[in-house]
Amino acid sequence: LTKPRGLADKNEKGWFRSLFVHKVDPRTDAHSNLLSKKETSNLYKIQFHNVKPECLEAYNNLSAEVQGHLHHDKDYPCEVIGSWNTWYGEQDQAVHLWRYTGGYPALTECLNKLKQNKAYLEFRKQRSTMLISRRNQLLLEFSFWNDPLPRAGSNIYELRSYRLKPGTMIEWGNHWARGIRYRQENQEAVGGFFTQIGDLYIVHHLWAYKDLQSRDETRNSAWQKPGWDSTVYYTVPLIRSMESRIMIPTKNSPLQ
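So, here's what we can say about the structure.

Conventions and cut-offs
- Once a new chain begins, its residue numbering starts again from 1 and follows that chain's sequence as written.
- Local features in a predicted model are, by the rule used here, given only for residues with pLDDT of at least 70; side-chain atom pairs are given and counted only at 80 or more, and totals for whole chains, interfaces and linings are based on all residues.
- Calculation of side-chain values draws on the structure's entire complement of heavy atoms; hydrogens and water are dropped beforehand.
- A pocket, in this scheme, is an open set of points on a 1 Å grid over the protein atoms alone with protein on both sides within 12 Å along at least 5 of 7 lines, while a cavity is a set where a 1.4 Å probe fits but cannot get out; residues line either one if an atom lies within 4 Å of a point.
- Grid points are joined across faces, edges and corners, and a volume is the space filled by probe spheres set on the points.
- Stacked, edge-to-face and tilted labels apply to pairs of Phe, Tyr and Trp rings (six-membered ring for Trp) whose centres lie within 6.5 Å, assigned for plane angles under 30 degrees, over 60, and everything in between, in that order.
- By definition, any uninterrupted DSSP run of H or I lasting at least four residues is a helix, any uninterrupted run of E lasting at least two residues is a strand, and each is numbered from the N terminus.
- Accessibility here uses a 1.4 Å probe with only protein chains present; expressed as a share of the type maximum, an area under 20% marks a residue as buried, one over 50% as exposed, and anything in between as partly exposed.
- Here a strand pair is declared whenever DSSP counts at least two bridges between the two strands.
- Structural elements are reduced to axes, namely lines fitted to C-alpha atoms, with helices fitted over the stretch in contact, and the angle between N-to-C directions of any two is expressed from 0 to 180 degrees.
- To sort the angles, those under 35 degrees are grouped as roughly parallel, those over 145 as roughly antiparallel, those from 65 to 115 as roughly perpendicular, and the leftovers as oblique.
- The sense of a crossing depends on the near helix, which, turned anticlockwise from the far helix by less than a right angle, makes the crossing left-handed and, turned clockwise, makes it right-handed.
- The criterion used for residue contact is that any of the two residues' heavy atoms lie within 4.5 Å.

## Points about empty space enclosed by the protein
Per the counting criterion, the structure on display carries one cavity of 30 Å³ or more. Surrounding the largest cavity, Ile46, Trp84, Val95, Leu97, Leu139, Leu159, Phe193, Leu206 and Met247 form its lining.

As structure tokens, this is what we get:
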């Protein structure tokens with residue numbers, strides 16, 4: 001017997017679609033729990049401030065003063081990890097990385113205390129006159145990356161930011177957990193993070209180099225190590241877009 005034409009078309013389309021649809025294993029946990037460090041409950045915040053060109057020096061001085069107070073005040077469970085000005089990338093931009101020891105409760109505690117801090121409120125008011133725009137993201141750190149510890153200078157820093165296809169974060173983490181060992185030879189790996197709030201499916205890798213020539217040589221040497229090419233091969237298809245910033249640490253930054 002001949003199948004009805006409509007049923008035949010339906011079956012053929014289903015068979016054809018099956019050639020391209022891959023079955024995904026069910027996840028038993030959120031990728032934030034699978035990829036982040038279990039031994040700590042640290043939460044990170046990264047800030048991007050676009051500053052009026054004529055105000056950049058005044059902005060840096062004001063930020064350094066306020067960050068210094070918060071960083072050393074034990075009443076606030078937060079600390080500045082690094083502060084930079086973008087050298088290559090978006091110009092007249094300041095980037096700040098903060099750590100909240102204790103996760104979301106620590107962040108909430110800081111926000112509530114800062115609302116009552118008259119000096120900080122005055123700083124925000126003064127800072128607002130210097131800015132064109134600002135944005136921030138809350139981050140967790142990858143379990144397989146180095147902790148972003150204070151570092152002596154002088155260094156330049158590269159912040160490589162990747163916007164991934166939704167649903168690919170675990171795959172990214174699996175490949176980089178193996179690939180990071182190819183990028184440790186010159187102690188260039190500073191920290192690796194992924195977003196939790198703000199722009200989602202964003203990954204930030206932070207690297208340190210002595211200068212641009214050292215950056216070029218270090219990155220080229222990775223290609224001489226068997227296995228690094230596989231990391232690149234398998235992660236490039238996961239990326240929707242990427243951005244590289246070369247940054248100079250400010251005078252108060254713990255990462256120099």
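From this point, the discussion proceeds with the structure in view.
## Re the packing of aromatic side chains
Inspection of every chain in the model, using the stated rule, returns 14 aromatic pairs. Ring geometry for Trp145 and Trp207: centres 5.0 Å apart, planes at 65°, overall edge-to-face. Residue Trp145 is located in the loop between strand E4 (131–141) and strand E5 (156–164), and its partner Trp207 is located in strand E7 (residues 202–209); the two are separated by 62 residues in the primary sequence. For Trp145, a relative accessible area of 4% translates into the label buried. Ring centres 5.6 Å apart and planes at 75° place the aromatic pair Trp176 and Trp228 in the edge-to-face group. Of this pair, Trp176 sits in helix H6 (residues 169–179) while Trp228 sits in helix H8 (residues 228–235), and the two are 52 residues apart along the sequence. The exposure class of Trp228 is buried, given its relative accessible area of 7%. The structure contains a cluster of three or more aromatic residues connected by ring pairs, namely Trp145, Tyr162, Trp172, Trp176, Trp207, Trp223 and Trp228.

## Focus on the pairing of strand E3 (residues 93–101)
Moving residue by residue along a regular strand, the side chains alternate between the two faces of the sheet. Within E3, eight of the nine residues are buried, leaving the element largely enclosed by the surrounding structure. Where strand E2 (residues 78–88) meets E3, seven bridges bridge the pair, whose relative direction is antiparallel. Bridging from a neighbouring strand, Ser83 pairs with His96 of E3. Connecting E2 to the antiparallel partner E3 that follows it, the hairpin turn spans four residues, and Gly89 within it adopts a positive phi of roughly 130°.

## Examining the packing of helix H3 (residues 56–72) against helix H5 (residues 118–128)
Interaxial distance between H3 and H5 falls to 11 Å at its minimum, and their mutual angle equals 160°. Judged on the interaxial angle alone, H5 and H3 are roughly antiparallel. For the pair H3 and H5, the crossing hand works out as left-handed. Taking contact as the criterion, the partners of Tyr59, Leu62, Ser63, Val66 and Leu70 in H3 are, on H5, Tyr120, Phe123, Gln126 and Arg127.

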